[in-house]
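An overview of the molecular structure
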Amino acid sequence: MSIAGSIAEIEKKLGGKAKLIAVSKKQPDQKLMEAYKAGFKRFGENYVQELCAKQEVLPKDIEWHMIGHLQSNKVKYIAPFVQMIHSVDSFKLLKEINKQAKKNDRIIDCLLQLFIAEEDSKTGMEKEELLALLDNPALKDFQNIRICGLMGMSTFTDNTSQIEREFNSLKDFFDKIKEQYTDLPLTEISMGMSSDWPLAVKCGSTMVRVGSAIFGARQS
Ligand SMILES: *Cc1c(COP(=O)(O)O)cnc(C)c1O
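Below, the structure is looked at part by part. What you see is a predicted model, and the numbers here were worked out from it, not measured in a lab.

So, on to the pairing of strand S6 (residues 145–153). In regular strands, side chains alternate between the two faces of the sheet. Of all the 9 residues making up S6, 7 are buried; the element is thus mostly covered by neighbouring parts of the structure. Where S6 lies against strand S7 (residues 188–190), 3 bridges are found, and the strand directions are parallel. Bridge pairing in S7 places Met151 opposite Ser190. What joins S6 to S7 is helix H7 (residues 160–180), and the crossover it makes is right-handed.

And the structure:
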């Protein structure tokens, strides 16, 4: 199916219940333009250098989402334009995002990444660490970020009941912090990729990050 066709089909199935982020990492600009020309403007990228290169040449009304692991020393490159950072995994990183957002006179939306998988390769914070971040008294001084919710990645497995368990644990934790931290604008749960987004939506996802099911296999 065409890129525009795949996007239309996924958005139809989402039925407005969750937003689609088209994950365009390691895909050529021309494929993003195909989606853009069909009216789609929300892309997710994993690598700072690639994200900046694409932002520079592609239309300026694209909404860019950073979904990959982000080092503090690279925040400055994306702070002028990034819409949302899904992969916040430390207080130090959040502090730097706030600092760079302030320099650019912007407010950057952030999601805190929770580790939910049963494997070592996936990143994110443990629950205790995430709660400690939310309890840090310095957080109230961060005027240039908004903590909008959580992001998580399930284990790479065919075992759907395990994936469902992991998605449910993210949703449960989200509900818990939403109840507890009422001063935060907690509305988003970013979970679900090409292989598991329908299940993620069933479990309460509000943002699915779908790459290969839209653009095909990535260039390595
Ligand atoms: C690559 C990536 C995706 C998309 O993966 P697909 O399986 O191609 O849909 C989603 N989220 C994150 C964090 C990724 O790194």
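Quick look at the pattern of salt bridges now. As enumerated under the stated definition, the model contains 10 salt bridges in all. Between Lys41 and Asp61 there is a salt bridge whose closest N-O contact spans 2.9 Å. With Lys41 in the loop between helix H2 (29–37) and strand S2 (42–45) and Asp61 in the loop between helix H3 (48–57) and strand S3 (63–66), this residue pair connects regions lying 20 residues apart in the sequence. Ionic pairing is found between Arg146 and Asp109, a salt bridge with its closest N-O pair at 2.9 Å. Placement of the pair is Arg146 in strand S6 and Asp109 in strand S5 (residues 108–115), with a sequence separation of 37 residues. On the basis of relative accessibility, which here comes to 12%, the residue Asp109 falls in the buried class. Through salt bridges with shared partners, a single network forms among Glu45, Glu50 and Lys54.

Our focus in this paragraph is unusual backbone geometry. Note on backbone geometry: most residues besides glycine have negative phi, and most peptide bonds are trans. A positive phi angle, near 55 degrees, is found at Lys26, a position not held by glycine. Within the fold, Lys26 resides in the loop between strand S1 (19–23) and H2. Backbone geometry places Asp105, a non-glycine residue, at a positive phi of 55 degrees. A relative accessible area of 69% means that Asp105 is categorised as exposed.

This next bit is on the packing of aromatic side chains. Inspection of every chain in the model, using the stated rule, returns 3 aromatic pairs. A ring pair is formed by Phe40 and Phe43, whose centres lie 5.7 Å apart and whose planes are at 85 degrees; its orientation type is edge-to-face. Comparing Phe40 with Phe43 shows no difference in burial state: the two are buried. Here Phe43 and Trp64 contribute two aromatic rings whose centre-to-centre distance is 5.9 Å and whose plane-to-plane angle is 40 degrees, an arrangement assigned as tilted. Of this pair, Phe43 sits in strand S2 while Trp64 sits in strand S3, and the two are 21 residues apart along the sequence. Here Phe43 matches Trp64 in class, with each residue buried. Through a chain of ring-to-ring contacts, three or more aromatic side chains come together here, namely Phe40, Phe43 and Trp64.

What counts, and at which threshold
Residues numbered from 1 in each chain as written. Predicted model: local features only at pLDDT ≥ 70, side-chain atom pairs only at ≥ 80, totals over all residues. Heavy atoms only, no water. Buried < 20%, exposed > 50% of the residue type's maximum accessible area, 1.4 Å probe, protein only. Helix = DSSP H or I, 4+ residues; strand = E, 2+ residues; numbered from the N terminus. Pairing = 2+ DSSP bridges. Right-handed = clockwise from strand over helix to strand, strands pointing away. Salt bridge = Lys/Arg side-chain N within 4 Å of Asp/Glu carboxyl O. Phe/Tyr/Trp six-rings, centres within 6.5 Å; stacked < 30°, edge-to-face > 60°.

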